[in-house]
Amino acid sequence: PHGGSAPPRSRASAKSTRSARSICEKPKEVLEVETEAERLQLLAVAAKQLAELQAQRESRPPSAAGSLERQQTRLRTASLHPLPPPADFILGSYVLDFGNVTFGKSSRRTVRIRNMGWSPVSFEADKKVLAAVGIKMEPDKVVKLPGLPSAETTDFLISFQAPSAKKGEPPRLGLLQHDLKLDLKPGPPVLLLVRANVVLPEVSLAHESLEWGEVQVGHAKTITLVVENPTAVAAEWRASFADQAKDALAFSCAPASGTLAPKERARLQLTFTPLQERTYALKMLVKTTGNPKSSAIALHGAGYEKRLELSTGALSLSPVLPHGDAVEEAFSLINPTDHPIEVYVTQLDRAHLEEEAMLRETSLFEGGALRLPPREPGEPIWQELLEEHRTRLAQQRAEEAATAEGEDDENDAQSAKSEADEGVGEVTEGAEGAEE
């Protein structure tokens, strides 16, 4: 073992990696430089201790019976005895950085320790002290690890998990670190600084509430909500509505779950589809895995229906003679809502019948619903449906024309065959007459 009196912190001689089984060895030249630096530091401390001890002994008055030569011999002999290092002396300091660790999850690193001294060393870690700060070390002790000239190594699996918070207290977040002191026997201690940045995953919402306003029953309106992961670790989230809420069937969220990388954003499509004419209010919860708190957003909307009222429920027309003058009876149409409506007679309106045929034949339905922009009163049918209908008609006409052309070709071929058969018979009869 080697060391010095105020060593700067450095990376471990065996650099830890994210894989529990992968070790990234330092170059041989770096190990030699670090070893020599620790040796020189230890020599400086030892020389200082010897100088202090010699000064203390020289300051004592010689005994009456002893000579000066005897005192000097005793001092040289005592100087060769092992001297314990100062209480605050650390041979070397190394850093094991776990980086960002999600609260509630564990992270592991493998550290390789190499004995660069000439004497075998032993040490043992206090498991109870480590467990209190969320650190686990396996194995927790080493017995007589050989040193130079072979400089043998041993691997340790060190895991870290942020300790659970006490009931009623918030979790400990941010930078957590612990000085893991390894007391070498024989030799001065080595310090391993274990640190991690504990992060609680979180998903933030761009709004606290969303308002859809009035939406016609049977229609749907979609609003985009931006969610963001403001933390330094990945956040797995899930959106949900209260199961007992009667308004939950009127709202939907797509996607309803996912994972956001650090600082990543996502757009959620929140859709309101009122089922009846009334107001709706609901809270959507966004739960982040590993976070006891959920983000909530209030959703509000109202459904309305277009209605038509008649001034009378029945009309009574006076008798009419055959081929006589027509009889008329007036009645009124009333729109009791705040929205304009378009009125037509389903049995007599030809445009309505054609549009119904287009709707029955369209392939634009998704999940039993046709999602198109709202059609205002007086507007023509949607262009998408009209173009699809025209394309379908063109295909049908092309197929009918191809079928008719095929039938004509077949008829022509059959006619030509019949004529050919009749012509061959006449030639045969003529030939037979010539022979006769």
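Residues numbered from 1 in each chain as written. Predicted model: local features only at pLDDT ≥ 70, side-chain atom pairs only at ≥ 80, totals over all residues. Heavy atoms only, no water.

Visitor: I keep staring at the layout of surface pockets and nothing clicks. Help me out?
Guide: To locate leftover empty space, one rolls a probe as large as a water molecule over the atoms. Considered as a void within the structure, the largest pocket measures approximately 1200 Å³ in volume. Lining the largest pocket are 35 residues, and of these Gln 216, His 219, Tyr 344, Arg 375 and Trp 382 sit closest to its centre. The element that contributes the greatest number of residues to the lining of the largest pocket is helix 4 (residues 350-361), accounting for 5 residues. Tallied by class, the residues present in the lining of the largest pocket amount to 17 nonpolar, 8 polar and 10 charged. (1 Å grid on protein atoms, 1.4 Å probe; cavity = no way out; pocket = protein on both sides within 12 Å on 5 of 7 lines; lining within 4 Å. Points joined across faces, edges and corners; volume = space filled by probe spheres on them. Helix = DSSP H or I, 4+ residues; strand = E, 2+ residues; numbered from the N terminus. Nonpolar A, V, L, I, M, F, W, Y, C, P; charged D, E, K, R; others polar.)

Visitor: Would you explain the sheet that holds strand 9 (residues 153-161) in this entry?
Guide: As a general point, the strands of a sheet are linked pairwise by backbone hydrogen bonds and lie either parallel or antiparallel. As summarised here, the arrangement of the 3 strands in space is 5-9-7, forming an open sheet in which the pairing is antiparallel. Edge positions in the open sheet fall to strand 5 (106-114) and strand 7 (135-138), since each of these has one partner strand only. Adjacent strand axes in the sheet meet at a mean angle of 20°, parallel and antiparallel pairs treated alike. With 9 bridges connecting them, strand 5 and strand 9 associate as antiparallel partners. Each bridged residue has a counterpart across the sheet, and for Arg 114 the counterpart in strand 9 is Thr 153. (Pairing = 2+ DSSP bridges. Axes fitted to C-alpha atoms, helices over the stretch in contact; angles between N-to-C directions.)

Visitor: Looking at this model, I keep getting lost on the nonpolar core. Mind explaining?
Guide: Nonpolar side chains tend to gather and get buried jointly when the protein is soluble and globular. Of all hydrophobic cores here, the largest spans 29 residues; its most connected members are Phe 98, Met 137, Ile 158, Phe 160 and Leu 180. Listing elements by their share of this core, those giving two or more residues are strand 4 (92-102), strand 6 (121-124), strand 7, strand 8 (141-145), strand 9, strand 10 (174-182) and strand 11 (190-199). Residue contributions to this core peak at 5 residues, all from strand 11. Discounting residues that sit within four places of it in the chain, Phe 98 has contacts with Ser 107, Arg 108, Arg 109, Ile 158, Ser 159, Phe 160, Val 194, Arg 195 and Ala 196. (Core = buried A, V, L, I, M, F, W, Y, C linked by side-chain atoms within 4.5 Å. Buried < 20%, exposed > 50% of the residue type's maximum accessible area, 1.4 Å probe, protein only. Contact = heavy atoms within 4.5 Å.)

Visitor: Would you mind showing me how to read the packing of aromatic side chains here?
Guide: How two aromatic rings sit relative to each other is given by the distance of their centres and the angle of their planes. Using the criterion set out here, one finds 6 aromatic pairs in the structure. Here Trp 212 and Phe 272 contribute two aromatic rings whose centre-to-centre distance is 6.1 Å and whose plane-to-plane angle is 55°, an arrangement assigned as tilted. In this pair, Trp 212 is assigned in strand 13 (residues 209-216) and Phe 272 in strand 18 (residues 265-272), connecting sequence segments 60 residues apart. An identical accessibility class is assigned to Trp 212 and Phe 272; each is buried. Pairing Phe 272 with Tyr 280 gives two aromatic rings, centres 5.3 Å apart and planes at 70°, and the pair type is edge-to-face. Within the aromatic cluster, the residues linked to one another by ring pairs are Trp 212, Phe 251, Phe 272 and Tyr 280. Looking at Arg 278, its charged tip hangs above the ring of Tyr 280, at a distance of 4.0 Å from the centre. (Phe/Tyr/Trp six-rings, centres within 6.5 Å; stacked < 30°, edge-to-face > 60°. Lys NZ or Arg CZ within 6 Å of the ring centre and 35° of its normal.)

Visitor: Where do I start with the environment of Asp 247 in this structure?
Guide: Its place among the elements puts Asp 247 in the loop between strand 15 (235-241) and strand 16 (251-254). On a C-alpha basis, the gap between Asp 247 and Lys 283 in space is 9.6 Å, while along the polypeptide they are 36 residues apart. Beyond its immediate sequence surroundings of up to four residues, Asp 247 is in contact with Arg 278, Thr 279, Tyr 280, Ala 281 and Leu 282.

Visitor: What's the story with the sheet that holds strand 18 in this structure? I'm lost.
Guide: Pairing is antiparallel across the open sheet formed by 4 strands, whose spatial order is 12-14-18-16. Each end of this open sheet is capped by a strand with a single partner; those strands are strand 12 (204-205) and strand 16. Pairing between strand 16 and strand 18: 4 bridges, direction antiparallel. The residue bridging Ser 252 from the neighbouring strand is Thr 271, located in strand 18.

Visitor: Would you mind going over the side chain of Thr 154 with me for this structure?
Guide: Considering the arrangement of structural elements, one finds Thr 154 in strand 9. On the basis of relative accessible area, Thr 154 is assigned to the buried category, the value being 19%. Filtering out sequence-adjacent residues up to four positions away, Thr 154 remains in contact with Val 111, Arg 112, Ile 113, Val 142 and Leu 145.

In short, shape yes, function no, at least from these values alone.
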